[in-house]
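Read off the chains here:
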Amino acid sequence: MDIETVKERAGPREFSPGDDLPEEYRKAATRMIEFHANSEIMGAYLERPFIRQAPSIDRKLAFSAKVQDEIGHGQLLYRAAETLGIKTREEMLDDLAEGRGKFLNCFHYPMDGWVETPMIAFFVDGAAMRRQATLRRTSWEPYAHAMDKVCFEEGFHVKHGEDILRTLMNGSRAEQRRTQEAFEEWWPRIIQFFGPTDDKSTHHDFAADVGLKQMTNDELRQAFLDMYVPKARKYGLEIPEYPRVSQNDEGRWVVEEDDLDWDEFFTVAKNNYEPGLGQINGRARAQEAVEWVRDVIEGDGAPAGGRSPQAAD
Amino acid sequence: MTLDPNDLDEREALAALCKRLGDDEFVLAERYTEWQVRSPSLESDLALSNIAQDELGHARLWYDLLIDLGYEEPEIVYERDADEWHHSTLVEQPFAEGDWTDPIVRSYLYDVAEKLRLATLEESTHPKIADRVGKIQGEENYHLEHAQNWLERLVADDEGKERVQNAVDRLFPYALTLFEPVDPDVEDDIVDLGLRDATLAEMGEEWLSVVIPYLESLDLDVPESGVEGMDGYAVTDEMLPEHVGRDGSHTEAWSDLFEEFTHTYHDLGRDQSTKIMGRPE
Amino acid sequence: MIWEVFRQEKKGDYHTHCGNVHAPDREMAKQFAAIQHGRRKPTNSIWVVPKDEVGEIDTDDVPFGGTTDKAYRWTTAYNLQTEQAREVEESDSEQQEAEKQRGEA
């Protein structure tokens, strides 16, 4: 199939592993799904200390279950990416360990305390879910199938995050103040979750043309702000002055992009953000430390799938 | 038997039993969760996370019985002093990064003991204990099979076997503390009241009679395996480590762990913990 | 040799198990399955898998989803009484449905 045919046919769940697809499509889809999978892993890595630090058994259970789900999502997504035949899961995880694999901006920032947990568990997960819901209609069928299960599970994450926020904002004055401070620190990063506005992006959006992406960054950011700004306010959070956000005549939220630090955003995107390197390297060390187990189970140098070439013939 | 609310010995016996059961599960789970996002593969990560959640859920079931005795939830976990925790020192041991044999060996040693002790509670005279045992047993088979499946695969490789042997050498003495008393008199009451139908000594002997032959069948050396042939298996004082946990004496690792998991609660100045779920039936 | 057969009705759907065929090898299994299992019901794709390669674990082996309270992993445990994003509501109702089915099983 040539790329023009791909663009003509591009529609929800249109392409599956049996199709003969051009490398351009397979590479673009791999890049997108790998990014998504890496983000699940790095999000889980960021949140894992809060399993221990949770202030009740109930929260501890929920945090453990949530981190477990994210690893499960990583498992589904790496598999969906593998079906494109460009990279194996092991290669993608190695790239992530070695600082080549890219992932969401928000998961580069270190987290220090419990009051920060709803910034990820409610706002970032809420944002992610807005995007993920649209990806159930992506053109790569295995990716859409992964999204079915992810979206099924993810509602628990967002509601759990909202419940943490609700408790904090109904807690002591100090809890409320510290939650507001955390919100101010995280808010610009959360807005940047969706990337720069479409008219500023220089490259032609190939992923949209071939049906991998179903909504633009602008549309998703709008949808996020429409839903989550009122929610933040409902719990008594004040929206910071900068970046300026305002409602236009249609009642929709608009962000002054120049108020955001795009140098930092692109530094983060390239894995060069100094404070975030601890997370990339920490996870890499953990992966390397259990390398011996994979060798024991699979045998040294065994090809993926665990079959010798002779047996496969 | 229904609990006599005025009999202090009964109350003390029940509380001691629930704490030793609950504390083991809670602290073991706390350690297991360290493997989340650090296990050898995504699939093994999911499995161990689930086991951790099972154990935490079991801790909650045992702690809930303390509520019947008039305990408040904060004093059970977040406001209890570190030296009033009665878990075995096996479950508080820290992991060396990447030493996957440790959670596996620990799980095996623990889950055999867990299986045996749940069996001794099946006919408990306290109906709520007997009732909860069945639910917990439903999840424990997977834990034991999971540990054995891993052990059998790890020892099939030279490096894996050496690491498993090291973990057995290190953890075995701590595992013996699972059969130590919180307080000898209270332990007698637990049996006399029929809350549990076997003594700790009997449970320890039975555990040794299961664990030693199994580990030896994997061609592993078991510390103290010489006890066989004298007068059967028995846990003796010489075999025990310095800190047994049950009496409130713990290894250094415990204070760090305790500090970490109570940090947020104190940092936020909380005086109660969040309840999402109602009390279990 | 026995081959398990999985049929996908239309593009984007899941391949679900629909039966099996006897066949000497994979090529023949595909040809036979196309007729035996794809000739009448709407079919977009068929997978064939050697029966001996299929492992099974059932409710006798493991209590799927556990036997103790795991409410914390379900949306329904979090009673917020606030308006939810559409996709969160969808997840909520899918989970309610799954819980109901688990209860009935």
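Residues numbered from 1 in each chain as written. Chains lettered and ligands numbered in written order. Predicted model: local features only at pLDDT ≥ 70, side-chain atom pairs only at ≥ 80, totals over all residues. Heavy atoms only, no water.

Asks: Talk me through the sheet that holds strand β1 (residues 2-8) of chain C; I want residue IDs and the actual numbers.
Replies: Strand pairing in a sheet relies on backbone hydrogen bonds. The paired strands run either parallel or antiparallel. Residues and elements named next belong to chain C. Ordered by their spatial adjacency, 3 strands build an open sheet running β2-β1-β3, and the pairing between neighbours is antiparallel. Sheet topology places β2 (16-22) and β3 (45-50) at the edges, where each strand pairs with a single neighbour. Here the strands of the sheet are splayed against their neighbours by 30° on average, with no regard to which way each runs. Pairing of β1 with β2 involves 6 bridges; the strand directions are antiparallel. Paired with Trp3 across the bridge in β2 is Val21. (Pairing = 2+ DSSP bridges. Helix = DSSP H or I, 4+ residues; strand = E, 2+ residues; numbered from the N terminus. Axes fitted to C-alpha atoms, helices over the stretch in contact; angles between N-to-C directions.)

Asks: Which residues make up the interface of chain A and chain B, and what values go with them?
Replies: Between chain A and chain B, the residue contacts involve 42 residues of the former and 50 residues of the latter. Roughly 4,200 Å² of surface becomes buried between chain A and chain B when both sides are summed, with 60% attributable to carbon and sulfur atoms. Connecting chain A to chain B are 8 salt bridges. B:Glu34 is paired through a salt bridge with A:Arg52; the nearest N and O atoms lie 2.9 Å apart. Sorting the residues of the side of chain A that touches chain B by element identifies α2 (23-47), α3 (49-53), α4 (57-82), α7 (141-169), α8 (173-192), α12 (277-289) and α13 (291-298) of chain A as the ones contributing at least two each. A per-class count over the side of chain A that touches chain B returns 22 nonpolar, 9 polar and 11 charged. (Contact = heavy atoms within 4.5 Å. Buried area = accessible area lost by both parts, 1.4 Å probe. Salt bridge = Lys/Arg side-chain N within 4 Å of Asp/Glu carboxyl O. Nonpolar A, V, L, I, M, F, W, Y, C, P; charged D, E, K, R; others polar.)

Asks: Quick one: what's the story with the pattern of salt bridges, residue by residue and with numbers?
Replies: Scanning the model with the defined rule gives 56 salt bridges over all chains in all. Residues A:Arg178 and B:Asp267 are paired through a salt bridge, measuring 2.6 Å at the closest nitrogen-oxygen approach. Taken together, the residues A:Arg178 in helix α8 and B:Asp267 in helix α9 (residues 252-267) connect one chain to another. Given a relative accessible area of 25%, A:Arg178 falls into the partly exposed group. The partner of B:Asp64 in a salt bridge is B:Arg132, with the nearest N and O atoms 3.1 Å apart. You can see B:Asp64 sitting in helix α2 (residues 42-68) and its partner B:Arg132 sitting in helix α5 (residues 127-154), a full 68 residues away along the chain. According to the relative accessible area criterion, B:Arg132 is buried, its value standing at 1%. (Buried < 20%, exposed > 50% of the residue type's maximum accessible area, 1.4 Å probe, protein only.)

Asks: Account for a negative patch on the surface, with residues named and values stated.
Replies: All names here are of chain B. A cluster of like negative charges, contributed by Asp9, Glu12, Asp183, Asp185, Asp188 and Asp192, occupies part of the molecular surface. Looking at the negative patch, the elements with two or more residues in it are α1 (8-32) and α7 (184-192). Since its relative accessible area comes to 31%, Asp183 is described here as partly exposed. (Patch = residues over 30% accessible without salt bridge, like charges linked within 9 Å, V, L, I, M, F, W, Y side chains within 5 Å. Areas by Shrake-Rupley, 256 points an atom, 1.4 Å probe, with all protein chains shown as cover. Lys, Arg positive; Asp, Glu negative; His and termini not counted. Charge placed at Lys NZ, Arg CZ, Asp CG, Glu CD.)

Asks: For the packing of α1(B) against α7(B), give the residues involved together with the corresponding values.
Replies: Geometrically, a packed helix pair is captured by the angle between its two axes and the distance between the axes. Residues and elements named next belong to chain B. At a minimum axis distance of 9 Å, the contact between α1 and α7 shows a crossing angle of 100°. Classed by the angle they form, the pair α1 and α7 counts as roughly perpendicular. Contacts between α1 and α7 pair Asp9, Glu12, Ala13, Ala16, Leu17 and Arg20 from the former with Val186, Glu187, Asp189 and Ile190 from the latter. Considering only residue class, the contact of α1 with α7 consists of 5 nonpolar, no polar and 5 charged. (Parallel < 35°, antiparallel > 145°, perpendicular 65-115°, else oblique.)

Asks: Mind laying out the nonpolar core, listing which residues take part and the relevant values?
Replies: One finds B:Phe26, B:Tyr108, B:Leu109 and B:Trp207 to be the most contacted residues of the largest nonpolar core, which totals 96 residues. When residues of this core are assigned to their parent elements, the largest contribution, 12 residues, is made by α1(B). Dropping the residues within four chain positions of it, B:Trp207 is found in contact with B:Leu109, B:Val112, B:Ala113, B:Leu116, B:Phe172, B:Ala175, B:Leu176 and B:Phe179. Core analysis: the next-biggest nonpolar cluster, separate from the first, contains 94 residues, A:Leu46, A:Tyr78, A:Trp186 and A:Trp187 among them. (Core = buried A, V, L, I, M, F, W, Y, C linked by side-chain atoms within 4.5 Å.)

Asks: Account for the confidence of the model for chain C, with residues named and values stated.
Replies: All names here are of chain C. Across chain C, the average pLDDT comes to 94, with 99% of residues at or above 70. At the low end of the mean pLDDT range in chain C sits helix α2 (residues 86-104), at 91; at the high end sits β1, at 98. At the level of chain-chain contacts, confidence expressed as ipTM amounts to 0.95, with global pTM at 0.94. (pLDDT = per-residue confidence, 0-100.)

Asks: Describe the packing of aromatic side chains, and please don't skip the residues or the numbers.
Replies: Residue and element names in this part refer to chain B. All chains considered together, the criterion is met by 35 aromatic pairs over all chains. Seen from their ring centres, Trp35 and Trp100 are 5.3 Å apart, and the 80° between their planes marks the pair as edge-to-face. One end of the pair, Trp35, is in the loop between α1 and α2; the other, Trp100, is in the loop between α3 (73-76) and α4 (101-119), and 65 residues separate them in sequence. Judged by centre distance (4.8 Å) and plane angle (35°), the ring pair of Tyr108 and Tyr214 falls under tilted. Remark: Tyr214 occurs in helix α8 (residues 200-217) and Tyr108 occurs in helix α4; sequence separation between them is 106 residues. Since its relative accessible area comes to 2%, Tyr108 is described here as buried. (Phe/Tyr/Trp six-rings, centres within 6.5 Å; stacked < 30°, edge-to-face > 60°.)

Asks: Kindly report on the domain arrangement of chain C, identifying the contributing residues and their values.
Replies: Here the domain parsing of chain C yields domain 1 (2-53) and domain 2 (71-104). Between domain 1 of chain C and domain 2 of chain C, the C-alpha centre-to-centre distance is 35 Å. (Domains from an automatic or database assignment.)

Asks: Please set out empty space enclosed by the protein residue by residue, giving values where relevant.
Replies: Residues and elements named next belong to chain B. The final tally for this structure, using the stated rule, is 3 cavities of 30 Å³ or more. Lining the largest cavity are 13 residues, with Arg20, Arg117, Leu178, Met203 and Arg246 sitting closest to its centre. Contributing elements (two or more residues each) for the lining of the largest cavity: α1, α4 and α8. Take the lining of the largest cavity: its biggest share by element is 3 residues, from α1. Taken together, the residues of the lining of the largest cavity sort by class into 8 nonpolar, 1 polar and 4 charged. (1 Å grid on protein atoms, 1.4 Å probe; cavity = no way out; pocket = protein on both sides within 12 Å on 5 of 7 lines; lining within 4 Å. Points joined across faces, edges and corners; volume = space filled by probe spheres on them.)

Asks: So what about the confidence of the model for chain A? Which residues, and what values?
Replies: The pLDDT averaged across chain A works out to 92; a share of 93% of its residues lies at or above 70. Within the model, the stretch residues 301-313 of chain A combines pLDDT values under 50 with 2 contacts to residues more than four positions away or in other chains.

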